[in-house]
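Close look at the chain arrangement
Single-letter residue listing:
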Amino acid sequence: METKTCNETRVVRTSRIFPNDVNNHNTLFGGKLMSDIDMLASISAARHCRMECVTASTDSVDFLSPITMKDSVCLESFVSWTGTSSMEVFVKVIAEDLLTGDRKIAATAFLTFVALDEKGKPTKVPAIIPETEEEKKLHETGKERAEKRKAHRRQSRELANYLTTHKPWE
């Protein structure tokens, strides 16, 4: 099976922050940022496998610094690690103060996508080749994150056995 570089899966989008994008603290809504993260990550996953893919999990979104209306926000995503049918996508969020030019990492995220064949079943994906130091570091720690995801998914399934689906208002 072919391989691809992280750069071949890279997606970059920069936008401004407007009043309808902020919460009562005048910082970017976390939910809006999470939606944008998932959107970009899905494009990276599709670029990698050139198949339909679905979000299997949002492993983490770490909000590191607030994003305000003085800032632009740049999201950069790429496939950082692959399993058999799964792809880990890393998303880096950079806020830039448009008046001073100061840039800071505002958030990071890891999402997992699964490639699907024509019948909607998981299918193999190409291996990923890291090139930069950043990509290499993320790739070398990817297997450990994948193992933690599997353990967490098992725990979630076990917990789901105890959850009810009844309507509490009835």
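Everything that follows concerns the structure shown earlier in this document.
Reading guide: rules and limits
- Residues numbered from 1 in each chain as written.
- Predicted model: local features only at pLDDT ≥ 70, side-chain atom pairs only at ≥ 80, totals over all residues.
- Heavy atoms only, no water.
- Helix = DSSP H or I, 4+ residues; strand = E, 2+ residues; numbered from the N terminus.
- Pairing = 2+ DSSP bridges.
- Axes fitted to C-alpha atoms, helices over the stretch in contact; angles between N-to-C directions.
- Core = buried A, V, L, I, M, F, W, Y, C linked by side-chain atoms within 4.5 Å.
- Buried < 20%, exposed > 50% of the residue type's maximum accessible area, 1.4 Å probe, protein only.
- Contact = heavy atoms within 4.5 Å.

A word on unusual backbone geometry. Note on backbone geometry: most residues besides glycine have negative phi, and most peptide bonds are trans. Notably, Asn26 is not glycine yet its phi reads approximately 60°, a positive angle. Inspection of the secondary structure assignment puts Asn26 in the loop between strand S2 (11–16) and helix H1 (30–49). Of note, Arg50 is a non-glycine position whose phi angle comes to about 50°, a positive value. In this fold, Arg50 is placed in the loop between H1 and strand S3 (52–63).

Okay, the sheet that holds strand S4 (residues 71–82) next. Spatially, the five strands line up as an open sheet ordered S2-S4-S5-S6-S3, and their pairing is antiparallel. Edge positions in the open sheet fall to S2 and S3, since each of these has one partner strand only. If you compare each strand with its neighbour and ignore which way they point, the axes differ by 20° on average. Of the pairings in the sheet, the one linking S3 to strand S6 (residues 103–116) comprises ten bridges and is antiparallel in character. Pairing of Ser57 across the sheet is with Thr112, part of S6.

If you look at the biggest cluster of nonpolar residues, it comprises 34 residues, and the most contacted ones within it are Ile37, Ile67, Met87, Val91 and Val93. Counting only elements with at least two residues in this core, the list comes to H1, S3, S4, strand S5 (86–97) and S6. Looking at which element gives the most residues to this core, the answer is S6, with seven residues.

Before going further, it helps to examine the environment of Pro122. Residue position: Pro122 is located in the loop between S6 and strand S7 (127–129). A relative accessible area of 55% places Pro122 in the exposed class. Measuring from C-alpha to C-alpha, the distance between Pro122 and Val11 comes to 23 Å, with 111 residues separating the pair along the chain. Not counting residues within four places of it along the chain, the set of residues in contact with Pro122 comprises Ser85, Val114, Ala115 and Leu116.

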